[in-house]
Amino acid sequence: MNAIRRRIAARTLTSGEKLPSIRGLANAMSVSPSTVVEAYDRLAAEGLIRSRPGSGFFVAGSLPLVLADVEPRTDRAVDPLWVSRQSLDGGADMLRPGCGWLPADWMPTAAIRRALRAAAKAEDAMLTDYGATRGSRALRGVLARQFAAEGIDAGADQILLTASGTQAIDLVCRFLLQPGDTVLLDDPCYFNFQALLRVHRVKVVGVPMTPTGPDMASFAEALETHRPRLYIRNSAIHNPTGASLSPQAAHRILTLAAAQDVTIVEDDIFADLEPEPSPRLAVLDGLATVVRIGSFSKTLSASVRCGYIAARADWIDGLIDLQVATNFGGPSPIATEIVSGALSDGSYRKYLAALRSRLAKRRREVAATLETLGIRPWLEPRGGFYLWCRLPDGQDAADVARRALRENVVLAPGNVFSVAQTARDWMRFNVAQMDDPRLPALLKRVLDG
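Residues numbered from 1 in each chain as written. Predicted model: local features only at pLDDT ≥ 70, side-chain atom pairs only at ≥ 80, totals over all residues. Heavy atoms only, no water.

Remarks on the overall build of the protein chain
Piece 1. For the protein chain, the count of helices and strands is 17 helices and 14 strands.
Piece 2. The principal-axis extents of the C-alpha atoms in the protein chain amount to approximately 85 × 55 × 45 Å.
Piece 3. Contacts in the protein chain between residues at least 24 apart in sequence constitute 72% of all its contacts with a sequence separation of at least 6.
Piece 4. Carbon and sulfur atoms make up 51% of the accessible area of the protein chain, which totals about 21100 Å².
Piece 5. One finds the centroid of the 53 positive side-chain charges in the protein chain at a distance of 6 Å from the centroid of its 48 negative side-chain charges. (Helix = DSSP H or I, 4+ residues; strand = E, 2+ residues; numbered from the N terminus. Contact = heavy atoms within 4.5 Å. Areas by Shrake-Rupley, 256 points an atom, 1.4 Å probe, with all protein chains shown as cover. Lys, Arg positive; Asp, Glu negative; His and termini not counted. Charge placed at Lys NZ, Arg CZ, Asp CG, Glu CD.)

Some words on the sheet that holds strand S12 (residues 386–390)
Piece 1. A sheet is described by the order of its strands in space; here 4 strands give the open sequence S11-S12-S14-S13, paired in antiparallel fashion. Looking along the sheet, the strands with just one partner apiece sit at the ends: strand S11 (376–377) and strand S13 (412–413).
Piece 2. Bridge count for S11 against S12 is 2 bridges, and the pairing is antiparallel. Bridge pairing links Arg376 to Arg390 in S12. (Pairing = 2+ DSSP bridges.)

Observations regarding the state of the cysteines
Defined simply, a disulfide is a covalent bond joining two cysteines at their sulfur atoms.
Piece 1. As enumerated under the stated definition, the model contains 0 disulfides in all.
Piece 2. Cys99 takes part in no disulfide bond, and the closest cysteine sulfur to it belongs to Cys389, at a distance of 15 Å.
Piece 3. In this structure Cys389 comes out as buried when scored by relative accessible area, which is 0%. (Disulfide = S-S within 2.5 Å. Buried < 20%, exposed > 50% of the residue type's maximum accessible area, 1.4 Å probe, protein only.)

What about the sheet that holds strand S10 (residues 307–310)?
Piece 1. Strand order across the open sheet formed by 8 strands is S3-S10-S9-S8-S7-S4-S5-S6, with mixed pairing between neighbours. Sheet topology places strand S3 (159–162) and strand S6 (213–214) at the edges, where each strand pairs with a single neighbour.
Piece 2. Pairing geometry for S3 and S10, over 4 bridges, is antiparallel. Residue pairing across strands places Thr162 opposite Gly307, the latter belonging to S10.
Piece 3. Strands in contact with helix H8 (residues 165–176) are S3, strand S7 (230–234), strand S8 (263–267), strand S9 (290–295) and S10; relative to S9, the strand with the most contacts, it is inclined by about 155°. (Axes fitted to C-alpha atoms, helices over the stretch in contact; angles between N-to-C directions.)

A word on the pairing of S7
Piece 1. The element S7 is largely enclosed, with a buried count of 5 among its 5 residues.
Piece 2. Here S7 shows no split at all, with Leu230, Ile232 and Asn234 on one side and Tyr231 and Arg233 on the other all buried.
Piece 3. Pairing of strand S4 (residues 182–187) with S7, which is carried by 3 bridges, proceeds in the parallel orientation. Across the sheet, residue Leu185 finds its bridge partner in S7, namely Ile232.
Piece 4. With 5 bridges connecting them, S7 and S8 associate as parallel partners. In the strand pairing of S8, Leu230 is matched with Thr263.
Piece 5. Once the chain exits S7 it traverses helix H11 (residues 247–259) before rejoining the sheet at S8, and the crossover so formed is right-handed. (Right-handed = clockwise from strand over helix to strand, strands pointing away.)

Some remarks on the packing of aromatic side chains
Piece 1. The final tally for this structure, using the stated rule, is 15 aromatic pairs.
Piece 2. Grouped by ring-pair contacts, the aromatic residues Tyr190, Phe191, Phe193, Trp388, Phe417 and Trp426 constitute a single cluster.
Piece 3. Directly above the ring of Trp106 sits Arg358, whose terminal nitrogen or CZ lies 3.7 Å from the centroid. (Phe/Tyr/Trp six-rings, centres within 6.5 Å; stacked < 30°, edge-to-face > 60°. Lys NZ or Arg CZ within 6 Å of the ring centre and 35° of its normal.)

Focus: the pattern of salt bridges
Piece 1. What the rule picks out here adds up to 23 salt bridges.
Piece 2. For the salt bridge of Asp170 with Arg174, the shortest nitrogen-to-oxygen distance reads 2.8 Å. With Asp170 and Arg174 both in helix H8, this residue pair falls 4 residues apart, about one helical turn.
Piece 3. Several salt bridges converge on common partners, so that one network encompasses Glu150, Asp268, Glu274, Arg280, Arg292 and Arg382. (Salt bridge = Lys/Arg side-chain N within 4 Å of Asp/Glu carboxyl O.)

Section: the environment of Ala220
Piece 1. Looking at where Ala220 falls in the secondary structure, it is placed in helix H10 (residues 216–226).
Piece 2. For Ala220, a relative accessible area of 27% corresponds to the partly exposed category.
Piece 3. Sequence-wise, Ala220 and Ser30 are 190 residues apart; in three dimensions their C-alpha atoms are separated by 80 Å.

Quick notes on the environment of Asp399
Piece 1. If you trace the backbone, Asp399 turns up in helix H16 (residues 397–406).
Piece 2. Along the sequence, Asp399 and Asp425 sit 26 residues apart, while their C-alpha atoms lie 9.8 Å from each other.

Observations concerning the side chain of Glu274
Piece 1. Along the chain, the position of Glu274 falls in the loop between S8 and helix H12 (281–285).
Piece 2. The exposure class of Glu274 is buried, given its relative accessible area of 4%.
Piece 3. A polar atom in the side chain of Glu274 sits 2.8 Å from the side chain of Ser278.
Piece 4. A distance of 3.0 Å separates the side chain of Glu274 from the side chain of Arg280, its partner in a polar contact.
Piece 5. In this structure Glu274 touches Ala236, Ile237, Ser244, Arg280, Arg356 and Arg382, once residues within four positions along its chain are discounted. (Polar contact = N/O pair within 3.5 Å; in protein donor to acceptor, adjacent residues only side chain to side chain.)

Considerations on unusual backbone geometry
When glycine is set aside, most residues are seen to have a negative phi, and most peptide bonds are trans.
Piece 1. Cis peptide bonds are those with omega within 30 degrees of zero, and the linkage from Asp187 to Pro188 qualifies with 10°.
Piece 2. Position of Pro188 among the secondary structure elements: in the loop between S4 and helix H9 (191–199).
Piece 3. If you check the backbone angles, Phe328 has positive phi at about 45° while not being a glycine.
Piece 4. Topologically, Phe328 is positioned in the loop between helix H13 (313–327) and helix H14 (333–344).
Piece 5. The backbone of Asn408 sits at a positive phi, close to 70°, despite the residue not being glycine.
Piece 6. Within the secondary structure, Asn408 sits in the loop between H16 and S13.

Functional significance is not addressed by these values, which are geometric in nature.
In structure tokens:
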């Protein structure tokens, strides 16, 4: 293939010219004819050459378009989509202390590879067909057993697998919301909650966070004043603050929400990162007025996308219809097979235990490093990989993030998480993405302007 490319580039082979015969090129290069056949077939698939049955292979009349890499825009507004786009589109050399995932070498890649090899041996239909509307029975069974261990009696008819955790939230919003409805969010909260709700054209109201959950006086007032349809939140290891819900706050949230007929959507994506489970609204409520959503992207793979919804049994059919309309079936059977296989791998529990211990050590180390720069964490989280920190001297985090981007560093400024835009001098740091020894000096430089 490289030999043909070089000859085309040097114009010793020109547009429309016939290539050497398979046997002639095989003899000239001392390779087998089958090697040349495969090389020609691959070049034809790339559009570089063309096959004419009975005549041989010819250089393509017009060479295929080569797409240049498009650099991420650095001048866009620092809004809830800013961190996502900079993190996702940055090059391999980009430092990402502001992103929302673990580095590749922290993930259970050996278990994923074993699950991939097993999936490759599955029946042909699993490799080619659409996913069933509810998703893999095996994976739903794994989830049902996990829920039962927590105290949630959820049958397979109450669990719907989705293409991702984000799609799970989107389906619930499509099912329960109309344009103009009101949704409560914690302030600060996961920035993509805001971005997604903007697409649904609903009003968003923020409730200030405390280390044990939302401020209860503000929560009660928001329910009474705004009559929201939904309240969406992380319960375990809140994003971005790292806070955990207290039993008292959980009880009060359920009582107040029930009085106002508010459905709660509990995003449980960080559950496996907790050393011991904190209170879960879905457990206390039994999925009567709480919808649990989640995915496997934080502890297994963000590349093998799969999420889930656990809800009232009489809501599942409506959610299935929405998933068929927007995704034509459930998640990829290959993805669910890999996830199910990796979760059932005997090494997964040991991996999680080691991961929690590794993260605890990194949180302490990174917090100490940030303190030397005048950056102070709001609290010491029980688990996870986020530290929610206040910048020194009231610095504008968005300005700091823009300067950092010029140093090839993606940061997560506070106001992208804040509904009320009250986190101007706050920043979220991902401790697992701060192993690079250059980062302390880079952070100091961007803080100094």
